[in-house]
Amino acid sequence: MSHILVVDDDPSIREVITFKLESAGHNFEEAGNGQEALDLFQARGADLIILDVGMPEMDGFELCRRIRQSSEVPILFLTARNDEIDRVLGLELGGDDYVAKPFSPRELMARVKAILKRGAPATQTSQALTHGDLSLDLDAHQCRLGTCDIRLTSSEFSILAALMKRPAHVLSKRQLMDAVYHGNIHVSDRTLDSHIRNLRAKLSEAGCPKAIETIHGVGLRMDHCGA
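Structure report, in brief. (Residues numbered from 1 in each chain as written. Predicted model: local features only at pLDDT ≥ 70, side-chain atom pairs only at ≥ 80, totals over all residues. Heavy atoms only, no water.)

## Some details on helix α2 (residues 34-44)
For the α-helix, the turn length of 3.6 residues means that residues three or four positions removed from each other point alike. If you check which residues of α2 are buried, you get Gly34, Ala37, Leu38, Leu40 and Phe41. Seen along its axis, α2 keeps its buried residues to an arc of 165°; they face one direction. Residues Gln42, Ala43 and Arg44 are exposed on α2 and point more than 90 degrees away from its buried face. For α2, the elements touching its buried residues are β1 (3-7), β2 (27-31), β3 (48-52) and α3 (60-68). (Buried < 20%, exposed > 50% of the residue type's maximum accessible area, 1.4 Å probe, protein only. Helix = DSSP H or I, 4+ residues; strand = E, 2+ residues; numbered from the N terminus. Arc of directions from axis to C-beta. Contact = heavy atoms within 4.5 Å.)

## A few points about the pairing of β3
Burial runs high along β3: five of the five residues are buried. On β3, burial covers both faces: Leu48, Ile50 and Asp52 on one face and Ile49 and Leu51 on the other are all buried. The sheet contact formed by β1 and β3 spans four bridges and is parallel. Considered in β3, the bridge of Val7 is made with Leu51. As paired elements, β3 and strand β4 (residues 75-80) share four bridges and run parallel to each other. Within β4, the position partnered with Ile49 by the bridge is Ile75. Where the polypeptide runs from β3 across α3 and back to β4, its parallel neighbour, the crossover connection is right-handed. (Pairing = 2+ DSSP bridges. Right-handed = clockwise from strand over helix to strand, strands pointing away.)

Next up, the structure:
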């Protein structure tokens, strides 16, 4: 049973979302603006945040920025249907996915399920993955370059894990989508591209700029990472 924070200034939208969450067996809390949501998250945390972009007192982007200063909790943005810049910016700020308004409750719950599945603890039989100086602890959901911790969102972690499990292979976008989103047909290539771009930036900042190689027309594979 997951604890989900629903943040939207429209009570009717919150009612639709929380009804579906309750029906699926999740616990939830509600907030009508960004500041209220930040206070709730700092007090009690969450396993997932469903976050509207346009809100009073603190919009969704600013709330995401503040949360990402200390936490990699999964964030699912709610965005206006025709506002592509909102979707792109939300992913670049560290959001895991987005649903465009007006949305299908069934689609929303499919994405919630996929995000929570990515963030679930690994099984007891899983082991750490290594590639050069880069390592992933699947149980602790921790990424390290040498002794330096690299904070990754659940989507970024899943992408890197998929590549590190088969370091000698080139994985197509479809293979990565299947590995990360478990066949969720609602996720677009652009969402995956944004997470890969963010992942590369974090690895580069940590000192591993060539960790992920693009094989044009084919896909991605692990490359050099270390001294």
